[in-house]
Amino acid sequence: MEWEIVYHSESIEQQVFALPDDLKAHYLRLTDLMMLFGPHLKLPHTKAMGSGLFELRLKGREGIARVFYCTNVGRKIVMLHSFIKKSKKTLRRELDTAIKKMNEVKNDAIA
């Protein structure tokens, strides 16, 4: 049984598909793999951030982006938050935003 990709909101889906072309292509390739093999592709593609939060790690000619996600009952991978990295470390506010959205998902607020 394959996994399903869902989005926390329409705005996160729009953000992901508005990524620069090479990052979007990398995203689509990795999410195809996730749907077939599950959400945990391991480094360098995915990284566990703790407490059930993961990041999809995108790198291309046009920069580096991250898409935070979690899993939900029913073999769903829920995309929570995305951003383009501008510094070496992930900013705390980006992580906090993803955690807040993950808690909404875990409390059955969506999906």
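Before reading further, recall that the structure is shown in the block above.
Residues numbered from 1 in each chain as written. Predicted model: local features only at pLDDT ≥ 70, side-chain atom pairs only at ≥ 80, totals over all residues. Heavy atoms only, no water.

> Honestly, the nonpolar core in this entry has me stumped. Any pointers?
Nonpolar side chains tend toward joint burial in soluble globular proteins. In terms of nonpolar packing, the biggest core is built from 19 residues, with Tyr-27, Leu-56, Leu-58 and Met-79 touching the most fellow members. The element contributing the most residues to this core is helix H2 (residues 21-37), with 4 residues. Excluding its chain neighbours within four sequence positions, the residues that come into contact with Tyr-27 are Ile-5, Tyr-7, Val-16, Phe-17, Leu-56, Leu-58, Val-67 and Met-79. Counting residues in each nonpolar core, the second largest holds 11 residues, with Val-6, Leu-95, Ala-98 and Met-102 among its members. (Core = buried A, V, L, I, M, F, W, Y, C linked by side-chain atoms within 4.5 Å. Buried < 20%, exposed > 50% of the residue type's maximum accessible area, 1.4 Å probe, protein only. Helix = DSSP H or I, 4+ residues; strand = E, 2+ residues; numbered from the N terminus. Contact = heavy atoms within 4.5 Å.)

> Honestly, helix H3 (residues 92-106) in this entry has me stumped. Any pointers?
Residue pairs spaced three or four apart in an α-helix point in one direction, given the helix's 3.6 residues per turn. Here H3 spans 21 Å end to end across 15 residues, near enough to the 21 Å set by a 1.5 Å rise per residue. If you check which residues of H3 are buried, you get Glu-94, Leu-95, Ala-98, Lys-101, Met-102 and Val-105. The buried residues of H3 occupy an angular sector of 130° when projected down its axis, which confines them to one face. Across from the buried face of H3, at angles greater than 90 degrees, the exposed residues are Arg-92, Arg-93 and Lys-100. In the core, the buried residues of H3 are packed alongside strand S2 (46-50), strand S3 (53-60), strand S4 (63-72) and strand S5 (76-85). Asp-108 lies just past H3 and shows a positive phi near 60°. (Expected span 1.5 Å × (residues − 1). Arc of directions from axis to C-beta.)

> What is the right way to look at the pattern of salt bridges in this model?
One side chain can pair with another of opposite charge once the charged atoms of both are near each other. Counted under the stated rule, the structure contains 4 salt bridges. Residue Glu-55 is joined to Arg-57 by a salt bridge in which the shortest nitrogen-to-oxygen separation is 2.8 Å. Assessed through its relative accessible area of 3%, Glu-55 is described here as buried. Ionic pairing is found between Arg-66 and Glu-55, a salt bridge with its closest N-O pair at 3.5 Å. (Salt bridge = Lys/Arg side-chain N within 4 Å of Asp/Glu carboxyl O.)

> Help me understand the sheet that holds S4, please; the structure alone is not making it clear to me.
Pairing between sheet strands relies on hydrogen bonds along the backbone, with the strands arranged either parallel or antiparallel. Sheet architecture is open: 5 strands sit in the order S1-S5-S4-S3-S2, paired in mixed fashion. Looking along the sheet, the strands with just one partner apiece sit at the ends: strand S1 (4-7) and S2. Strand-to-strand twist across the sheet, computed as the mean angle between neighbouring axes with direction ignored, equals 35°. One ladder, built from 4 bridges, connects S2 with S3; its direction is antiparallel. From the neighbouring strand, Thr-46 faces S3, where its bridge partner is Leu-56. In this fold H3 packs onto S2, S3, S4 and S5, with an angle of close to 165° to the strand it touches most, S5. (Pairing = 2+ DSSP bridges. Axes fitted to C-alpha atoms, helices over the stretch in contact; angles between N-to-C directions.)

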